[in-house]
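A closer look at the structure
The chain contents come next:
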Amino acid sequence: MRDKICLMVFLFIVLATTTANVTAQQSLDALIDRDLAALVTTYKTLHAAPELSHHEEKTAAFFATQLRAMGYTVTERVGKYERPEWTSYGVVAVMKNGAGPTVLLRTELDALPVNENTGLAYASKVKMMNDAGQEVSVMHACGHDIHITNMLGTAKLLSELKDQWRGTLVLIGQPAEEVVDGARAVLRDGLYERFPKPDYVIALHDSADLEAGKVGYTPGFAMASSTSVDIKIRGLGGHGARPESTRDPIVVAAQVIMALQTIVSREDWPLDPVVVTVGSIHGGTKHNIIPDEVDLQLTVRAYKEEVRKRVLASIERITKGIALAAGIPEDRAPIVKFSETQMTSATYNDPQLTERLAAVFVKALGQENVVKLEPVMMSEDFGFLSLNQKIPATLFTLGAVDPVKVKVSRESRTSLPSLHSPLFQPLPEPTLRTGIKAMTSVVLDLMAVARP
C-alpha cells in the first residue's frame, strides 16, 4: 500500500510538472501570437530604413524609445571609438527584478553598403554617406533588423513575465558590428563598470542556410577570428618592353599570392582551421607600364589566437622573402600592416552554457527544430563581450529561410543567397516567432524563480 501511495505521489508530481511546463509554453505562444503582427510590421519598417556602421542614429533612437516604453532604464550613445570624431550610438537598457543572476542580451544595429535587389515591397532604397564621404546604397543584408525585432519582442515578454524570473536583465543595442569595432567601443566606454556586469552573455544570429522555425547551436569555437592585412609590394617601375631594367611588383605580387596559400597547405596543422584570402589586388595604370607599387588586401581567419599570430608572421616572412629573392632592394622591401581596428577575436561558445541552452530549445521548440551545427570561418565581434572567455557566453543560430527554398536548394544542390547578398530575404514568420520564443525561454531558465 505504501509503495502504491509513493508511486501515486511520484506520478502526480511528474504530471503537475509536465502540465506546468506545457501551460507555460502555451502562455508564451499566446503572448507571441498577440504581438506577432506588430513585430512583423516593426521588422519591415527597420528593413526599409537601414543605417551604416557608425551612423545608426535613427535605429538606435527607435530601439531606445521602444525599450523605455516597456519600463527599462535606458542609456543612449554608449561607446567610444578610437576615432574621437565618430559618435557611438550604442544603447544599454537595464531592468532590475530582485536578487538573482545578471543576463546580458545583445543585438546589433548596423546595416551594410549593399544595393538591395530582392524586389520586396519593403526593400531598402536608402542611400547614405559612408565614413569615406562616398554615397552608397544600404541594406540590412545580414539580418540585423531580424535581431533588433527579436530583441524587442523578447524584451516585451520579459517585462510582462517578471513573476517568472529574478535578477538583472541587460539589453544592448550594439553599433558597428559589421566593421567589428562596436563591441570594443562599448567596452571602452565602461560597459561592465557603468552597468551591471553579466553572469551570462547571450545573442543570436540569423542564418541563410537553416530553415525558419529552427535554431542551431555550436559548443566551443563557433566563428573564427578575423584580421585584415594590407601589403604594399614596392618594386622599381619602367617600360613594359624592358622588364629587365625593372623589378616588377606585379610579378612579385603574383608569386606572393600563390605562396601565401602554402601557409594553409604546408605550415598549418590540418586540424587547426585557417583561411588566408587575398580579396583585393591593385596596381598599374596602363598596358605597357610596369608600376612601382602593387597593393594587396587580405583577410585571415583562425580559431586559436596562437595560430592567428603564427599565420600573420608567416605572411610577413613569405612576402619579404619573395621580394628579396626578386632582387628588390631592402629600402624597397614590402610594407606589411596588420589592422588593429579591423580585427576581431574568435567566437567561443561556453560548452556547458551552450548545452544548457540546447536543452531549453528542445523543450520550447521540439527536438526536430533544434540542430547542432558545425563551426564556420565567418567572424563576429560578439566574442569581445565575454572578456576573452572569462564570462560564459553563447551565440546561437536562428533559421531565417523559407523551408521550401531550403528543401529545393538541397535537392538541386544549388546555393541560396547568402548573408551579405543583395538577394538575402529572411522569412519574418516563423523566424521572429522562433527567435523570440527561444530567447525568452533561455532567459526564463537562466533567471528562474527559486521554488520552495
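Attention in this report is confined to the structure presented alongside it. (Residues numbered from 1 in each chain as written. Predicted model: local features only at pLDDT ≥ 70, side-chain atom pairs only at ≥ 80, totals over all residues. Heavy atoms only, no water.)

**Remarks on the packing of helix α6 (residues 249-267) against helix α7 (residues 305-325)**
Note the cut-off: For helices, the fitted axis covers only the stretch in contact; all axes are lines through C-alpha atoms, and the angles between them, taken along N-to-C directions, range from 0 to 180 degrees. In DSSP terms, a helix is any run of H or I states spanning at least four residues, a strand is any run of E spanning at least two, and both are numbered starting from the N terminus. Crossing handedness is read from the near helix: turned anticlockwise from the far helix by less than a right angle, it gives a left-handed crossing, and turned clockwise, a right-handed one. Here, residues are in contact when the closest pair of their heavy atoms is within 4.5 Å. Residues are grouped as follows: Ala, Val, Leu, Ile, Met, Phe, Trp, Tyr, Cys and Pro are nonpolar; Asp, Glu, Lys and Arg are charged; all remaining types, including Gly, are polar.
Two elements in contact, α6 and α7, have axes whose closest approach is 9 Å; the angle formed by their N-to-C orientations is 145°. As for how α6 packs across α7, the hand of that crossing is right-handed. Every residue of α7 that contacts α6 at V252, Q255, V256, A259, L260, T262, I263 and E267 is listed here: V311, S314, I315, R317, I318, T319, I322 and A323. When the residues that make up the contact of α6 with α7 are grouped by side-chain class, the tally is ten nonpolar, four polar and two charged.

**With respect to the environment of H55**
Here H55 shows up in the loop between α1 (2-48) and α2 (57-69). On a C-alpha basis, the gap between H55 and A176 in space is 8.4 Å, while along the polypeptide they are 121 residues apart. Filtering out sequence-adjacent residues up to four positions away, H55 remains in contact with Y89, M128, M129, N130 and D131.

**Section: the layout of surface pockets**
Rules: A 1.4 Å probe that fits but cannot get out identifies a cavity on a 1 Å grid over protein atoms alone, an open set with protein on both sides within 12 Å along at least five of seven lines counts as a pocket, and a residue lines either if it has an atom within 4 Å of a point. Grid points are joined across faces, edges and corners, and a volume is the space filled by probe spheres set on the points.
Considered as a void within the structure, the largest pocket measures approximately 1300 Å³ in volume. Together, 47 residues line the largest pocket, and E178, V179, V180, S228 and Q342 are the ones closest to its centre. Those elements that provide at least two residues to the lining of the largest pocket are α4 (182-188), β10 (225-234), β12 (274-283), β14 (293-302) and β15 (335-344). A total of six residues in the lining of the largest pocket trace back to one element, the largest contributor, which is β15. Its residues assigned to classes, the lining of the largest pocket shows 17 nonpolar, 18 polar and twelve charged.

**Quick word on empty space enclosed by the protein**
Evaluated as defined, the whole model comprises one cavity of 30 Å³ or more. One number sums up the size of the largest cavity: a volume of about 30 Å³. Taken together, R106, T107, H147, N150, M151, L204 and M439 make up the full set of residues lining the largest cavity. For the lining of the largest cavity, the elements supplying multiple residues, two or more each, are β3 (102-108) and α3 (144-160). In terms of residues, the lining of the largest cavity owes the most to one element, α3, which gives three residues. Across the lining of the largest cavity, the residue classes tally to three nonpolar, three polar and one charged.

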